[in-house]
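Take a look at the letters that make up each chain.
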Amino acid sequence: MALKIVKGSIDRMFDKNLQDLVRGIRNHKEDEAKYISTCIDEIKQELKQDNIAVKANAVCKLTYLQMLGYDVSWAAFNIVEVMSSSKFTYKRIGYLAASQCFHESTDVIMLTTNQIRKDLSSPNQYDTGVALTGLSCFVTPDLARDLANDIMTLMSHTKPYIRKKAVLIMYKVFLKYPESLRPAFPRLKEKLEDPDPGVQSAAVNVICELARRNPKNYLSLAPLFFKLMTSSTNNWVLIKIIKLFGALTPLEPRLGKKLIEPLTNLIHSTSAMSLLYECVNTVIAVLISLSSGMPNHSASIQLCVQKLRILIEDSDQNLKYLGLLAMSKILKTHPKSVQSHKDLILQCLDDKDESIRLRALDLLYGMVSKKNLMEIVKKLMLHVDKAEGTTYRDELLTKIIDICSQSNYQYITNFEWYISILVELTRLEGTRHGHLIASQMLDVAIRVKAIRAFAVAQMATLLDNAHLLTGNMQRNGICEVLYAAAWICGEFSEHLENPIQTLEAMLRPKVATLPGHIQAVYVQNAAKLFATVLKGQEGNTDSTAAQETSQLMIDRLPLFVQSANLEVQERASCILQLVKYIQKLQQKDVEVAEEVSALFAGELNPVAPKAQKKVPVPEGLDLDAWINEPPSESESEDEQPKAIFAKEEPKHSRPRHTEVDEKELARRREARKQEQANNPFYIKASPSSQKVYQDTPGVEHIPVVQIDLSVPLKVPGMPMSDQYVKLEEERRQKERAEKKKKEKKKRKEKRSGRGKKQDSGPESEEDITPAHMVDIVTEEMPENALPSDDDDKDPNDPHKALDIDLDKPLADSEKLPVRSHRAAESLKSPAEDGDVESAAIHAPKKKNGKEKREKKKDKDSDRKKSSKHKKKKQKKEKEEKEKKKKKKHHHHHHHSDGGGEESVQNGTVEDEEPLPPMSNYCLLAENSYIKMVCDIQGNLQDGSQVVVSVIFENKCDSFLKSMEFNVLDSLNSKLQRPEGSGPHDGLTVPFQLPPGVSNEARFVFTVQSIVMPQKLKGTLTFIVKNEDSSTHEKLDFKLHFTCTSYLITTPCYSDAFAKLLESGDLKGSSVRLEGVNMPFHHLLARICFHHHFSVVERIDSCASMYSRSIQGHHVCLLVKTSGQTVSIDAKCDEPTLLGNVLDEIKQTFSQC
Amino acid sequence: MMRFLLLFSRQGKLRLQKWFMPMSEREKKKIIRDMTTMVLARQPRTCNFLHWKDLKIIYKRYASLYFCLAVESQENELLALEIIHRYVELLDKYFGNVCELDIIFNFEKAYFILDEFLMGGEIQETSKQIVNRSIEASDMLQEGDNSEWYEVELFG
């Protein structure tokens, strides 16, 4: 043995450690992948060894390789092995590896529950810490549910190091298991006043995070936070609290009023930029939430704007950026205060940092008014010309369009100017936003009737010069504007001055190089134009002109008939035939113009994009119902209609080789979507970030067009927007002059000289009247549309589940699952199956480790299933009731179904009446100041330890501090005191109690013999502190260690239980209880709860139960009831212990 | 709340990754790629903040290493910069004038230090002294462990 160990350690000397691996990778730069694959092979060998040190070293190396991007998921089980090492060094590495590699779908996670629980209750705080840290990275809903109670208890741990970690991880637990929020919240709230600043700030962090998502549930905490804010000096904590107030104030404006003063004080006094920035942000949020009736409210705004100006003027780019960002928030509600800093913001457009320029652009969006729109856009157009890099230029382009089109073109006074701006933008090369410009052109032309003639003229020029735009097709998205141009010219062709010229432009051969969807529009609108042209020509006496036009169509259209694009081809051949027919009629001198234009008669109205969604579903219409029943499975494939034109999409074809049917697939897809949607870590694509770009089909088939260099680049006849700026200025001046004249007249009439102020001041917004009688047609909505603004809410926000009212008192059903309540779920140990009759069902016993491991997994997943089952059951209680009644009779024949349906959870069968609430905390002592209740539990890890949890409750109006807990040790039991303290020293309770507050502390006792109950005398001393005085007080108590408190709920399988009884090692004893007047399942539940038993099996009015002492004694009970008599036959390997336990059980029932 | 912290070199080599929310390997790889390209493409003397999806990216370069922290959109950028700086200070204190190689060769230590400072995407301890103390204490524990182990190995 010794030799083997020595050999092992010598081998180990030749193993690579992490440093060797890193060095090796750096030395093998040219064949890194090969080197690493040999390393992985070595690691695989190392993992096969029994030595945990070797394994830990291997796992450490794997963690490094994982970071380099190698898949290490195959080693997940080895990671669990290293996690469960008893040595801190290895445990730490194991947890690190787990936190780096595990995610929700890692299946070994469910094997870790018990290990983590063990580490959480480890006496070494660093073991607990490392487990908490690891858990925070990979907690799953199952882990959260199973460990919630353990973590909650840790929040009151004696060590602040553990408390703060436990508090922080609680947030992750809430996310995964929202039911835990209400039971855990009171304790979390207490931690806001924890004496340790680290724990306090952790609690602030968690509550801020919770409150930010669902602020209304946390309003009641506002006074507490207010107190913290005014007392705390820790900037990290202050920032969080102030941020929290920012979330609360919109719901409670009164809070905002109270906040303004301390916040402005902070703004004046603090030197920390981060705090200043947070304060400014919150003041802005407060001011936004307040109605404008506040008297000194403009002063606060001025202060904020002033401070932000200082940030923006700072040479630090970060501050500049943040200043602009915060400014944009003020802008929304107080545009006037920001607009005075327009110069500064325009200056930022010249900054060399692109993100600052973008922020400045955002601000400009909100700063425009009727008065300055043209000026700002002119500046932006200059930047467009200067801008290098298409991204920024594209950003500028979208911003210009956003700025102009905002709130239904509110700030545009001159649409001729806007159209010319759009036309100018088409000259941008390489932009991806052609479609954006196009949609603006369409929108304006359709909705602003007065501008149509102008727009049509502009579009005609565009079409005429189309070759300029399409010059470099490959990387040009700008040709999209031709789509708009062609449509506008066709639809509003009555405004065209020279329709024939435009018609010709639209039928040029070069058009065939455009993308298909644009060609289609060209063809269709050529037909519209044709109709207009005919109408114009038929009035004339000369009919040849009309016939020539038809001939033009007939000559040019065949080009499009040959198009590869289906849409173009179809439209072209249709129209070609139509024109041929018209030509025939023309030759017979029939007047056709009227009928041809009737084809395109009527006006198109714009429809709001949301209109369809707003149509209410008529009563009785079920949108999910099948119109035609889907074809049944038996139908043969031949009956399906064959596709003629195109191959059917593959999803319609029936899968032949797989057995999964369509429905199943759809269901899975749905489930997956659901899961992704519910998964807070799945990064969802925000709808705005994804833009669909039209692919130009078959780019390679398009001949490269030569740019005609003889044409000057400035398109002749195209308007320059500047020209309109000037015109507009003149117009406005004229208007103003006229107005003045009028006013003068008025004044003369009135003979009053007081109006001077008016004309010297700048013109106000309302003074500017638009150039045209602009009639912006509103978009149509369905008649009975439902007005609703919540179109944009995401129904899948994970934090929705945490929208829980926290002020309601806790119901019993909400208590967290405690370990002792989740015991006997599977009734039979699966490893023993081979021995019993059901060998056929389960695989025979296997011996090697790997198989065992799999079994373990099975067992665990079984447990998981059954616990899921539990939830379902509660919902379907009624349905199940009947089933259960039927099944009950067969109950004992059915063990092998793995503890599914009929498993009895500690004597509680779901369909029986609910249990009364129970608590294990019993009164320890009480006086007028303080009340102590306690619960005593054995320590599973250490056979000689008992943990006493004491809840101290302050009953008086004074502050209780310096509490010391002391117990007179006996020979058998001793209070564990920190090293270095004497045997009679008291333990300091690690917290103080403000009035009305309660808190829990835990004390560990060592016991030698556990067979007898015993009592320890103790004293609690404390100081009662009033405003003016403080007095020493004490409270004596007797701590009663019952034998029950040495028992630990341990699940036991029925077959193991039977073996135990058969073995003959146990000695029996029995007891009879008379006059027990309660349902059997209540009785069982009481024994389970108060005496830490678990139900092994229950058959009608008879049940077997099991428990184990911390020193490993088995205690077996057989409980029978008939009428009001309960008889308990018990067996145990320690008769004294058994006698005492039975006495205690008897006492429990005599009390009720 | 913080989402992840990445450390990478000027060449885009990842030196440390901490994910405060579990994510699949594929997502992680994509994010790492996005972050390194975005951050490395930034011009010098530009601001340290970026927007990416619905997150704010705060990065800072220390010598040859980029520290890149992603926080949710409502978080304070300057605080995030302070967090990065505090972490660098802690590393510096631990390694004594820390350099990239320290983190490469002792990457598990770098994680342990981080785990004492941040947890679950929140700041765990704002006091440098306390963080240092708990790192020291657990290192002591580890050393105790090791010597014990040697004894068992050699004489058990």
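Residues numbered from 1 in each chain as written. Chains lettered and ligands numbered in written order. Predicted model: local features only at pLDDT ≥ 70, side-chain atom pairs only at ≥ 80, totals over all residues. Heavy atoms only, no water.

Looking at an unreviewed UniProt entry, one finds chain B named AP complex subunit sigma and attributed to Echeneis naucrates. Recorded in UniProt under Subunit (unreviewed entry), the annotation for chain B is "Adaptor protein complex 1 (AP-1) is a heterotetramer composed of two large adaptins (gamma-type subunit AP1G1 and beta-type subunit AP1B1), a medium adaptin (mu-type subunit AP1M1 or AP1M2) and a small adaptin (sigma-type subunit AP1S1 or AP1S2 or AP1S3)." Under the heading Sequence similarities (unreviewed entry), UniProt records this for chain B: "Belongs to the adaptor complexes small subunit family." (UniProt positions renumbered as here; feature names shortened; annotations may be inferred.)

Visitor: It is not clear to me how the overall build of chain A should be interpreted in this structure. Could you clarify?
Guide: Along its length, chain A carries 42 helices and 15 strands. Burial statistics for chain A: of 1152 residues in total, 49% are counted as buried. For chain A, the exposed area adds up to about 59000 Å²; of that, 51% sits on carbon and sulfur atoms. (Helix = DSSP H or I, 4+ residues; strand = E, 2+ residues; numbered from the N terminus. Buried < 20%, exposed > 50% of the residue type's maximum accessible area, 1.4 Å probe, protein only. Areas by Shrake-Rupley, 256 points an atom, 1.4 Å probe, with all protein chains shown as cover.)

Visitor: I keep staring at the interface of chain A and chain B and nothing clicks. Help me out?
Guide: A common way to state how big an interface is: give the accessible area lost once the parts meet. On the side of chain B, 70 residues touch chain A, which itself brings 67 residues to the contact. The junction of chain A with chain B conceals about 6800 Å² of combined surface from both sides, 57% of it contributed by carbon and sulfur atoms. For the interface between chain A and chain B, the tally reads nine salt bridges. Between glutamate 122 of chain B and lysine 240 of chain A there is a salt bridge, with the nearest N and O atoms lying 3.3 Å from each other. Here the element with the most residues in the side of chain A that touches chain B is helix α6 (residues 88-101) of chain A; it accounts for eight residues. Class assignment for the residues of the side of chain A that touches chain B results in 29 nonpolar, 20 polar and 18 charged. (Contact = heavy atoms within 4.5 Å. Buried area = accessible area lost by both parts, 1.4 Å probe. Salt bridge = Lys/Arg side-chain N within 4 Å of Asp/Glu carboxyl O. Nonpolar A, V, L, I, M, F, W, Y, C, P; charged D, E, K, R; others polar.)

Visitor: Would you explain helix α10 (residues 160-176) of chain A in this entry?
Guide: Every α-helical turn comprises 3.6 residues, leaving residues that sit three or four positions apart pointing alike. All names here are of chain A. Given a rise of 1.5 Å per residue, 17 residues ought to cover 24 Å, and the 25 Å separating the end C-alpha atoms of α10 matches this to within 8%. Roughly 25° is the biggest bend found in α10, and it falls at methionine 170. With 16 of 17 residues buried, α10 lies mostly within the body of the structure. (Expected span 1.5 Å × (residues − 1). Bend = angle between axes of the 7 residues up to and from the residue.)

Visitor: Where do I start with a negative patch on the surface in this structure?
Guide: A cluster of acidic side chains, namely Asp589, Glu591, Glu594 and Glu595 of chain A, defines a negative patch on the protein surface. You can see glutamate 591 of chain A is positioned in the loop between α32 (566-587) and α33 (593-598). (Patch = residues over 30% accessible without salt bridge, like charges linked within 9 Å, V, L, I, M, F, W, Y side chains within 5 Å. Lys, Arg positive; Asp, Glu negative; His and termini not counted. Charge placed at Lys NZ, Arg CZ, Asp CG, Glu CD.)

Visitor: I'm lost on a nonpolar patch on the surface in this one. Help?
Guide: Together, Val617, Leu621 and Leu623 of chain A give the surface a local cluster of nonpolar side chains, amounting to about 300 Å² of exposed area. With respect to the helices, strands and loops of the structure, leucine 623 of chain A is situated in the loop between α34 (611-614) and α35 (662-678).

Visitor: What is the right way to read the packing of helix α18 (residues 317-333) of chain A against helix α2 (residues 77-95) of chain B from this model?
Guide: Packed helices, taken two at a time, are described by the angle between their axes plus the distance between the axes. Remark: α18 of chain A packs on α2 of chain B, axes separated minimally by 11 Å, with the N-to-C direction vectors making an angle of 150°. Judged on the interaxial angle alone, α2 of chain B and α18 of chain A are roughly antiparallel. On the side of α18 of chain A, the interface is formed by Asn318, Leu319, Leu322 and Leu325 of chain A, while α2 of chain B contributes Glu77, Leu78 and Leu81 of chain B. Each residue belonging to the contact of α18 of chain A with α2 of chain B can be placed in one class, and the counts come to five nonpolar, one polar and one charged. (Axes fitted to C-alpha atoms, helices over the stretch in contact; angles between N-to-C directions. Parallel < 35°, antiparallel > 145°, perpendicular 65-115°, else oblique.)

Visitor: Would you explain the state of the cysteines in this entry?
Guide: What is meant by a disulfide is a covalent connection between two cysteines, made through their sulfur atoms. All names here are of chain A. Applying the stated criterion to the full structure yields zero disulfides over all chains. Counting only cysteine sulfurs, cysteine 922 is the nearest neighbor of cysteine 934, a cysteine outside any disulfide, at a range of 4.5 Å. Given a relative accessible area of 2%, cysteine 934 falls into the buried group. (Disulfide = S-S within 2.5 Å.)

Visitor: Explanation requested: the confidence of the model for chain A in the structure shown.
Guide: A low pLDDT score tells you not to read the predicted coordinates there in detail. Residues and elements named next belong to chain A. A residue-level look at chain A finds 76% of positions with pLDDT of 70 or above and a mean pLDDT of 78. Within the model, pLDDT remains below 50 along residues 635-659, and this stretch shows eight contacts once partners closer than five positions in the same chain are excluded. Below a pLDDT of 50 lies the segment residues 752-763, which in the model reaches 10 contacts outside its immediate sequence neighbourhood of four places, other chains included. (pLDDT = per-residue confidence, 0-100.)

Visitor: What should I look at first to understand the pattern of salt bridges in this one?
Guide: Where charged atoms from two side chains of opposite charge come close, those side chains can pair. Taken as a whole and assessed by the stated rule, the structure comprises 48 salt bridges over all chains. Measuring nitrogen to oxygen at the nearest pair gives 3.2 Å for the salt bridge that ties arginine 447 of chain A to aspartate 443 of chain A. Note that arginine 447 of chain A and aspartate 443 of chain A are positioned in helix α25 (residues 434-447) at a spacing of four residues, about one turn of the helix. For the salt bridge of glutamate 77 of chain B with lysine 56 of chain B, the shortest nitrogen-to-oxygen distance reads 3.0 Å. Pair noted here: glutamate 77 of chain B is in helix α2 and lysine 56 of chain B is in strand β4 (residues 55-62), with a separation of 21 residues, a long-range link. Through salt bridges with shared partners, a single ionic network connects Glu209, Arg212 and Arg213 of chain A together with Arg3 and Glu72 of chain B.

Visitor: Is there a simple way to explain the side chain of glutamine 125 of chain A in this structure?
Guide: Here glutamine 125 of chain A lies in helix α8 (residues 125-138). Not counting the four nearest positions on each side in its chain, glutamine 125 of chain A is found in contact with Lys159, Tyr161 and Ile162 of chain A.

Visitor: Got a minute to help me understand the packing of aromatic side chains in this structure?
Guide: The geometry of two aromatic rings is summed up by the distance between their centres and the angle between their planes. Residues and elements named next belong to chain A. All chains considered together, the criterion is met by 23 aromatic pairs over all chains. Seen in terms of ring centroids, tryptophan 417 and tyrosine 418 are 6.4 Å apart; in terms of plane orientation they differ by 35°. Their pairing is tilted. The same class applies to tryptophan 417 and to tyrosine 418, which are both buried. The interplanar angle of 5° and the centroid separation of 3.9 Å between the aromatic rings of phenylalanine 965 and phenylalanine 1003 together place this pair among those described as stacked. Within this pair, whereas phenylalanine 965 is found in strand β4 (residues 959-967), its partner phenylalanine 1003 is found in strand β7 (residues 998-1007), the two being separated by 38 residues in sequence. Taken individually, phenylalanine 965 and phenylalanine 1003 each receive the classification buried, so the pair is uniform in this respect. (Phe/Tyr/Trp six-rings, centres within 6.5 Å; stacked < 30°, edge-to-face > 60°.)

Visitor: Would you take a moment to explain the sheet that holds β4 of chain B for this structure?
Guide: As a general point, the strands of a sheet are linked pairwise by backbone hydrogen bonds and lie either parallel or antiparallel. Residues and elements named next belong to chain B. Judged by pairing direction, the sheet is antiparallel, and its five strands sit side by side in the order β2-β1-β5-β4-β3 without closing on themselves. Pairing within the sheet leaves two strands with one partner each, and these edge strands are β2 (14-19) and β3 (49-52). The sheet shows a mean angle of 20° between the axes of neighbouring strands, taken without regard to direction. With four bridges joining them, β3 and β4 adopt antiparallel strand pairing. The partner of phenylalanine 49 across the bridge, within β4, is isoleucine 58. The sheet strands contacting helix α1 (residues 25-40) are β1 (2-9), β2, β3, β4 and β5 (65-72), and the helix crosses β1 at an angle near 60°. (Pairing = 2+ DSSP bridges.)

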